[in-house]
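Structural features, examined
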Amino acid sequence: LQGSETIVHISIADVASVVPLGSELEQEAIQRTMTLYRKRIDPMFPFLLSQNLLSLKEGQPRLTLTVSIYLSQHFKIQTVEIQKTYLVNEKQLTYAQADEILNSPQHPYFQMLTRSLELAHHLSEKRCQQGAFVFYDLVKGLFTDEEGRVRSLLAEEKHASHQIIQELMLLANESVALYLVERNRTALYRNHVARPMAPGRKEMLEQFNLALATPHLLESFKERFQLWIPKAHYATTFQGHHALSLPAYIHFTSPIRRVADFINHRIVHSVLSEQLCPYSLEQLNLVAEYI
């Protein structure tokens, strides 16, 4: 924090620096599209690569991309910078461990996590004010995902620190989308568009808030919401994200387990090196449709 300005640095594994462009690894990742979590984990990238060389494990040096986000006193994005970085993760925490630290003022990470949680609350409130579908309640065990769907928190997510991850993920993705839009870059944007028959945002939000306050109405609202707004999709142009109430949104924070994020990392690399996009428009359209 600097005066009334907040600066957030979010570092993400730099997978694009390790996986060669056009390689069999990349082609296989595109075919798989994502890591699947079933009875066993079916990784997008080979397990030895994804877990041993890419994942930001505690105490291990890693190549990273760091997104630096400068927020105004009202927590609006002012400037976004992205740099190639190199770091050693000082500590890997579970949500339960992070919550213990949030209740331990003498802990060396207490101040950092406390500020992060305060920031998460401010970001959530800001999203609510700009008309996004936002809900997060640890007591009820419910929250809204990025597509505005009301979901139950999993047992391991029922911690205050989960909201830190949720909000900083959304902030990073929004920031990178703005970064690419400002530079007129084609990428795999994540669009969430209401159908023509859908009611206006104000009416939808009124029904959303009523359903949250009246539990027996929640299931019927979920069904209506899916009719009004289909699942989000990828495209090479940005068409807005209805649930988040954003003009542009992108997936960037999970390049190890989601191929859209990986490809967007590769595109950001081309911006940083002042080169053309490594993929043709036709290639990106095909990947977007395939995903």
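Scroll up to find the structure.
Below or above, wherever it landed, is the structure these notes cover. (Residues numbered from 1 in each chain as written. Predicted model: local features only at pLDDT ≥ 70, side-chain atom pairs only at ≥ 80, totals over all residues. Heavy atoms only, no water.)

What follows concerns the sheet that holds strand β5 (residues 77-88). Sheets are built from strands that pair by backbone hydrogen bonding, the pairs being arranged parallel or antiparallel. The strand order β1-β4-β5 describes an open sheet built from three strands, whose pairing is antiparallel. Looking at strand neighbours, the two that pair on one side only are β1 (6-13) and β5, the edges of this open sheet. Sheet twist, expressed as the mean angle between neighbouring strand axes with direction ignored, is 20°. Two strands pair when backbone bridges link them, and strand β4 (residues 61-71) and β5 are joined in this way by eleven bridges, in the antiparallel orientation. When the sheet's bridge partners are listed, Leu71 is paired in β5 with Ile77. Strands β1, β4 and β5 of the sheet are contacted by helix α5 (residues 160-182), whose axis makes an angle of about 110° with β5. (Pairing = 2+ DSSP bridges. Helix = DSSP H or I, 4+ residues; strand = E, 2+ residues; numbered from the N terminus. Axes fitted to C-alpha atoms, helices over the stretch in contact; angles between N-to-C directions. Contact = heavy atoms within 4.5 Å.)

With that settled, consider empty space enclosed by the protein. Summary: where empty space remains is shown by rolling a probe the size of a single water molecule over the atoms. Under the criterion given, the structure shown has two cavities of 30 Å³ or more. By volume, the largest cavity is sized at about 90 Å³. As for the largest cavity, its lining consists of Leu123, Lys126, Arg127, Gln130, Glu167, Leu170, Leu171, Glu174, Leu244, Leu246 and Tyr249. Of all the elements in the fold, those that place two or more residues in the lining of the largest cavity are α4 (110-129) and α5. Ranked by the residues each element gives to the lining of the largest cavity, the list is headed by α5, at four residues. Residue composition of the lining of the largest cavity, by class: six nonpolar, one polar and four charged. As for the second largest cavity, its lining consists of Ser124, Arg127, Val134, Phe135, Tyr136, Thr144, Gln163, Gln166 and Glu167. The residue inventory of the lining of the second largest cavity, partitioned by class, reads three nonpolar, four polar and two charged. (1 Å grid on protein atoms, 1.4 Å probe; cavity = no way out; pocket = protein on both sides within 12 Å on 5 of 7 lines; lining within 4 Å. Points joined across faces, edges and corners; volume = space filled by probe spheres on them. Nonpolar A, V, L, I, M, F, W, Y, C, P; charged D, E, K, R; others polar.)

So, about the packing of aromatic side chains. For any pair of aromatic rings, the description rests on two quantities: the centre-to-centre distance and the angle between the ring planes. One pass over the full model with this rule turns up eight aromatic pairs. An angle of 75° between the planes, with centres 5.4 Å apart, marks the rings of Phe45 and Phe262 as edge-to-face. Highlighted residues: Phe45 in the loop between β3 (41-42) and α2 (47-54) and Phe262 in helix α8 (residues 259-272), separated in sequence by 217 residues. A relative accessible area of 1% places Phe45 in the buried class. One aromatic cluster in this structure is built from Phe133, Phe208, Phe221, Phe225 and Trp228. Across from the ring centre of Tyr234, 4.5 Å away, lies the NZ or CZ of Arg190, which sits over that ring. (Phe/Tyr/Trp six-rings, centres within 6.5 Å; stacked < 30°, edge-to-face > 60°. Buried < 20%, exposed > 50% of the residue type's maximum accessible area, 1.4 Å probe, protein only. Lys NZ or Arg CZ within 6 Å of the ring centre and 35° of its normal.)

Next up on the list: the sheet that holds strand β8 (residues 150-152). Within the open sheet, the three strands sit side by side as β6-β7-β8. Their pairing is antiparallel. A single partner strand is all that each edge strand has here, and the edge strands are β6 (136-137) and β8. With three bridges joining them, strand β7 (residues 142-144) and β8 adopt antiparallel strand pairing. The partner of Leu142 across the bridge, within β8, is Ser152.

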